[in-house]
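# Report on the structure
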Amino acid sequence: MDYAPPGRFKTAADFRDRWRELDALGGLDCDLEVGGPDDPLSRPFDFATPTGPRRVGNRFVVHPMEGWDANGDGTPSDDTIRRWRRFGESGAKLVWGGEAYAVQPDGRANPNQLHLNPDPGVDDARSLRTLLEALKQGHAESHGSTEDLLVGLQLTHSGRFSRPTGSTMSPRIAELNPVLSAKYGLDAGVHVLTDAELREISDNMVRAACLAADVGFDFVDVKCCHGYLLHELLGAHTRRGDYGGSFENRTRLFRDTVKAIQGERPRLAIGCRVSITDTYPLFRREGDAIGVPRGVEDHLPWRHGFGVNAMDPTTSDFTEPAAFLEMCRDLGLLAANLTVGSPYYCPHLQRPAAYPPSDGYLPPRDPLCEVQRHLHTVRTIRAMVPDLPLVGSGWSYLQQFLPNVARVEVRLGMVDFVGLGRSMLSYPTLPADVVAGRPLDRKQLCRTFSDCTTAPRNGMISGCYPLDRHYRAMPQAVDLKVLRKEASKA
Ligand SMILES: Cc1cc2nc3c(=O)[nH]c(=O)nc-3n(C[C@H](O)[C@H](O)[C@H](O)COP(=O)(O)O)c2cc1C
């Protein structure tokens, strides 16, 4: 695949030419100057919350990112606390969830995920308070006040991608999916969650939300993304019973969970991170290792996705996503954090990267096209549901031109917030630098080596091994370099 990653472009003008050239749908652009207090990215935003208007200080968001580094009982380790503190130091004024918090032990994506522990001997409130305080302290020490900072907790059950005890998956799925079953070697004995089990999970989401509210989080995110349980349910066309089939049924668990949280903690705001469109799973092609959808024509119409065109599931259909977001708006949600796809079956799309994770494949086209798909997706949703605040995703691949592109989207009102994932691991103070009008420190820019994804896929804790000294000094950094080379080999 012949393409130049953003780091190779010398000037914003050079990059802008390429950015425009790739933009088949048109309308995307790249500003040549950025930063400072008058920048659209530095402007405050006013949310309507259940307790009245709340102002957040700028347009940067820290996306949730698990570290696979909590203790086995769900309490945070020093690495977890360090990461939350750095999120606070970033200068971003909206912290969307810190990381996915599993609402029950079997819903963990790894044995070291933060989670609500039913063991009465474990003080879950203390764990959450420690993390929130570390984050706020980091923010206060670096940026003064926390008045205009909003912090949420992301609630999850990992569903199909549950791996609570070690390296083997223990999937708890919403419906059978022949293509994912083939990809992951799941046999017919896989556990399909019953309606009663889904209701229990919802009850635990409400428990976790109450805890978050009592500890002082401003909002919770009822997570519906990346192939995890509530996302899979949104696309569970073939499931029978109360939670599958019709749109009404597939959105029921989400809706009931939101309403139950509102009933228990009416002052707590609620958001939703949602994979608002998806694609058919990709496979590593023999010979050149490029990611390809395999056997699509054998599975038409595609009955397992949310926001995909059933007759061409590599493309989007936004009819249901728009209806879902209208429902979110009508339920009084704070905002939607839009993402696409899943890091498991379409990582090239969910987190565009120059280097694939070890269980991935080489990108099928210039990763900038996937960044553009994220941006166009948000633009489409904005036009369809104009009155719901939106956070966008997938920006880190843009490297030094991230603020130049993000500024256009915010200036034109195409998105309200720029959510950052991997760059917050390598360069947490990027938002503070942009807002202060300082030039970006190129040495800290995420170069999308995917070590932060490869590490946990291979049982190691996640972090930025190439650029963050804390992780670079770990022995695993050497193994990861080898894994990176292997993953990029044809
Ligand atoms: C190590 C790692 C952990 C992640 N964990 C979560 C998570 O817990 N919840 C979530 O919604 N997204 C998670 N994500 C996805 C990111 O929030 C984000 O959507 C993705 O990295 C793309 O944004 P970026 O281009 O800025 O990195 C994770 C990503 C990475 C790299």
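Just above, that's the structure.
This section reports on the structure supplied with the text. Model, not experiment: these values are computed from the prediction. (Residues numbered from 1 in each chain as written. Predicted model: local features only at pLDDT ≥ 70, side-chain atom pairs only at ≥ 80, totals over all residues. Heavy atoms only, no water.)

### Concerning the overall build of the protein chain
On a plain count of helices and strands, the protein chain comes out with 17 helices and 17 strands. The globule rule puts the C-alpha radius of gyration for 490 residues at 23 Å, and the 21 Å found for the protein chain is close to it. Overall size of the protein chain, expressed as C-alpha extent along the three principal axes, is 55 × 55 × 50 Å. Taking all 490 residues of the protein chain together, the buried fraction comes to 61%. Taking the intrachain contacts of the protein chain between residues at least 6 apart in sequence as the baseline, contacts between residues at least 24 apart amount to 72%. (Helix = DSSP H or I, 4+ residues; strand = E, 2+ residues; numbered from the N terminus. Rg over C-alpha atoms; globule rule 2.2 N^0.38 Å. Buried < 20%, exposed > 50% of the residue type's maximum accessible area, 1.4 Å probe, protein only. Contact = heavy atoms within 4.5 Å.)

### Let's talk about empty space enclosed by the protein
Under the counting rule described, the total for this entry stands at eight cavities of 30 Å³ or more. Roughly 430 Å³ of volume is contained in the largest cavity. Lining the largest cavity are 29 residues; nearest its centre among them are P64, M65, H226, Q350 and R351. Grouping the constituent residues of the lining of the largest cavity by class yields 12 nonpolar, 11 polar and six charged. Roughly 160 Å³ of internal volume is contained in the second largest cavity. Across the lining of the second largest cavity, the residue classes tally to six nonpolar, seven polar and four charged. (1 Å grid on protein atoms, 1.4 Å probe; cavity = no way out; pocket = protein on both sides within 12 Å on 5 of 7 lines; lining within 4 Å. Points joined across faces, edges and corners; volume = space filled by probe spheres on them. Nonpolar A, V, L, I, M, F, W, Y, C, P; charged D, E, K, R; others polar.)

### Description of the packing of helix α5 (residues 195-215) against helix α8 (residues 252-264)
For the pair α5 and α8, the least separation of the axes is 9 Å and the interaxial angle reads 35°. As for how α5 packs across α8, the hand of that crossing is right-handed. Counting all contacts with α5, which are made through L198, R199, S202, M205, V206, A209 and C210, the residues of α8 involved are L253, T257, A260, I261 and E264. Within the contact of α5 with α8, the residues separate by chemical class into eight nonpolar, two polar and two charged. (Axes fitted to C-alpha atoms, helices over the stretch in contact; angles between N-to-C directions. Left-handed = near helix turned anticlockwise from the far one by under 90°.)

### Notes on the site of the ligand
In the vicinity of the ligand, 22 residues are found, and the nearest of them are Q154, R273, S396, G421 and R422. At a separation of 2.9 Å, an oxygen atom of the ligand approaches a polar side-chain atom of R273. Between an oxygen atom of the ligand and a main-chain N or O atom of G421, the distance comes to 2.8 Å. Counting atoms within 2 Å of the grid points, the majority share of the ligand lands in the largest cavity. Its residues placed into classes, the shell around the ligand shows eight nonpolar, nine polar and five charged. (Near = heavy atom within 4 Å. Polar contact = N/O pair within 3.5 Å; in protein donor to acceptor, adjacent residues only side chain to side chain. Sits in = over half its atoms within 2 Å of the grid points.)

### Some words on the layout of surface pockets
Estimated volume of the largest pocket: approximately 340 Å³. For the largest pocket, the lining is made up of 13 residues, of which Y3, P5, R8, A354 and Y355 are closest to its centre. Class assignment of the residues belonging to the lining of the largest pocket gives a composition of eight nonpolar, two polar and three charged.

### Here's the deal with the state of the cysteines
Overall, the coordinates contain zero disulfides when judged by the stated rule. With no disulfide of its own, C210 lies 18 Å from the sulfur of C224, the closest cysteine sulfur. Not engaged in a disulfide, the cysteine C328 finds its nearest cysteine sulfur in C272; these two sulfurs lie 4.8 Å apart. (Disulfide = S-S within 2.5 Å.)

### Observations concerning the pattern of salt bridges
Inspection of every chain in the model, using the stated rule, returns 34 salt bridges. R199 is the partner of D242 in a salt bridge, and the nearest nitrogen-oxygen pair spans 3.8 Å. Highlighted residues: D242 in the loop between α6 (229-234) and α7 (247-250) and R199 in helix α5, separated in sequence by 43 residues. Residue E320 pairs with R250 through a salt bridge whose shortest N-O separation is 2.7 Å. Of the two residues, E320 sits in helix α9 (residues 319-330) while R250 sits in helix α7, which places them 70 residues apart along the sequence. According to the relative accessible area criterion, E320 is partly exposed, its value standing at 23%. Of the residues examined, R250 reaches a relative accessible area of 4% and is grouped as buried. Here the salt bridges share partners, and the residues they tie into one network are D31, D39, R407 and R411. (Salt bridge = Lys/Arg side-chain N within 4 Å of Asp/Glu carboxyl O.)

### Focus on the side chain of D278
Tracing the sequence through the fold places D278 in the loop between β10 (269-277) and β11 (282-284). In this structure D278 is buried but unpaired, with R373 as the nearest side chain of opposite charge at 7.4 Å. When neighbours within four sequence positions are excluded, D278 is seen to be in contact with H231, F306, G307, V308, P313, G341, S342, Y345, C346 and R373. (Lys, Arg positive; Asp, Glu negative; His and termini not counted.)

### Overview of the nonpolar core
Counting residues in each nonpolar core, the largest one holds 102 residues, and the members touching the most others are W19, F254, V274, F324, L325 and W395. The residues touching F254, leaving out its near neighbours within four places in the chain, are V222, C224, L230, C272, F324, M327, C328, L331 and L333. Within the second largest apolar cluster, 13 residues are counted, among which are F45, F47, F219 and V391. (Core = buried A, V, L, I, M, F, W, Y, C linked by side-chain atoms within 4.5 Å.)

### With respect to helix α2 (residues 78-89)
Taking 1.5 Å as the rise per residue, α2 with 12 residues should run 16 Å; its terminal C-alpha atoms sit 16 Å apart, in good agreement. Restricting attention to buried positions, one finds in α2 the residues D79, T80, R83, W84, R86, F87 and G88. Immediately beyond the C-terminal end of α2, within one or two residues, lies G91, with a positive phi of roughly 95°. (Expected span 1.5 Å × (residues − 1).)

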